[in-house]
Amino acid sequence: MKNFKIDKIIKKKNKSKLICLTAYSKNFSKILDGYCDIILVGDSLANVLYGMKNTHQIDVEIMIRHAQSVKAGVKKSLLVVDMPKNSYLTKASAKKNAKLILKKTGCDAIKIENTVKNINIVNAIVKSNIPVMGHIGFTPQFKKKFKVEGENSKELKKLLNLAKKIEKAGAFSIVLECINKKSSRKITQEIKIPTIGIGSSQYCDGQVLVTDDILGLSGFYPRFVKKYANLDQIIKSAVKNFKKEVQKGIFPKNINSY
Ligand code: KIV
């Protein structure tokens with residue numbers, strides 16, 4: 001069955017850069033929707049929202065809750081939801097959980113982190129008519145220690161092979177996370193579906209970042225993040241003013257009272 005929203009994303013390859021950001025709730029997705037091609041409910045919410053040390057404890061139910069909130073603010077962007085670790089270990093559980101996420105949230109697609117061992121899972125989900133975004137390079141569900149990937153020709157060969165397999169399995173795009181510039185350029189040139197980079201250079205077909213990072217809310221600013229705002233300072237100043245005005249009896253005034 002033809003999926004026009006997905007086709008639109010694929011057709012942007014070599015034409016215009018794809019814009020993707022994460023959202024975990026409606027107030028954010030409502031704003032992002034005006035500017036993004038893709039909004040991702042990433043399992044990074046584990047670290048960013050819940051203060052966990054990795055993404056491993058997040059389950060399908062939590063992803064569904066956040067995706068429902070995000071969906072309430074989305075009118076036009078493609079809504080992609082991360083499948084949490086251990087929710088796609090077998091073809092049967094992957095299909096069951098992907099279907100549940102789509103049914104409960106009304107999202108357009110799911111994302112899974114890839115290894116050579118789960119290409120059959122991509123294919124199984126795609127065959128049940130659910131669009132899949134792949135994810136290679138530094139994949140936090142599978143890798144404990146941060147490392148830039150694709151730094152030599154052997155690593156590039158492995159990544160390229162994996163990307164081609166994911167494409168063949170039917171994915172509509174692939175996130176390249178923290179992959180060396182030359183390697184991400186080669187992968188982007190060699191596959192027909194769009195690559196969405198995070199820490200993987202300007203050569204990708206699009207870029208994704210964690211919204212809380214670019215707004216200065218997360219406190220996590222590795223080299224690949226650019227802080228476009230210091231919302232932490234704006235929030236601090238608003239809260240400080242509220243405190244001061246309540247203490248001095250300036251707020252609430254009659255106009256704020258019933
Ligand atoms: O979980 C997430 O937010 C992600 C992006 C960083 C790509 O996977």
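Note on numbering: residues in each chain are counted from 1, in written sequence order. The model is predicted, so local features are restricted to residues of pLDDT at least 70 and side-chain atom pairs to those at 80 or more, both for listing and for counting; the totals for chains, interfaces and linings are taken over all residues.

Draft legend 1. Focus on unusual backbone geometry. Between Phe251 and the following residue, Pro252, the backbone shows a cis peptide bond with an omega angle of -5°. A helix here means a DSSP run of H or I that spans at least four residues, while a strand means a run of E at least two residues long, and both kinds are numbered starting from the N terminus. Here Pro252 shows up in the segment after helix H10 (231–248). Of note in the backbone geometry, Asn86 takes a positive phi value of approximately 75° without being a glycine. Inspection of the secondary structure assignment puts Asn86 in the loop between strand E3 (78–82) and helix H5 (91–105). The phi angle at Ser201 is positive, at roughly 80°, despite the residue not being glycine. Here Ser201 shows up in the loop between strand E7 (195–198) and strand E8 (206–209).

Draft legend 2. View of the site of the ligand. As a structural note, the neighbourhood of the ligand is formed by Thr22, Leu40, Gly42, Asp43, Ser44, Asp82, Val175, Ile198, Val208 and Val210. We call Asp, Glu, Lys and Arg charged. Ala, Val, Leu, Ile, Met, Phe, Trp, Tyr, Cys and Pro are nonpolar, and the rest, Gly among them, are polar. Of the residues assigned to the shell around the ligand, the class counts are five nonpolar, three polar and two charged. Each residue receives a C-beta atom placed from its backbone. It is near a molecule or strand if this atom lies within 6 Å of it.

Draft legend 3. Fine view of the pairing of E8. Any two strands with at least two DSSP bridges between them are considered paired. Direction of pairing for strand E1 (residues 18–22) relative to E8: parallel, over a ladder of four bridges. Residue Leu18 lies in a different strand from E8, and its bridge partner there is Gly206. Looking at chain direction, E7 and E8 are connected through two bridges and run parallel. Within E8, the residue paired with Gly197 across the bridge is Gln207.

Draft legend 4. Expanded view of the sheet that holds strand E5 (residues 132–137). With respect to topology, eight strands assemble into a closed barrel ordered E1-E2-E3-E4-E5-E6-E7-E8, the strand pairing being parallel. Geometrically, the sheet is characterised by an average inter-axis angle of 25° between neighbouring strands, direction not taken into account. To get an axis, a line is fitted to the C-alpha atoms, and for a helix only the part in contact is used. The angle between two axes follows their N-to-C directions and goes from 0 to 180 degrees.

Draft legend 5. Region of the structure containing helix H8 (residues 181–190). Each residue is classified by how many other C-beta atoms fall within 10 Å of its C-beta atom, where C-beta atoms are placed from the backbone; a count of 20 or more means buried, 12 or fewer means exposed, and values in between mean partly exposed. Ser183, Ser184, Lys186, Ile187 and Thr188 are the residues of H8 that are buried. Any pair of residues counts as being in contact when their C-beta atoms, constructed from backbone geometry, are within 7 Å of one another. Buried residues along H8 sit in contact with helix H7 (153–168), strand E6 (173–177) and E7.

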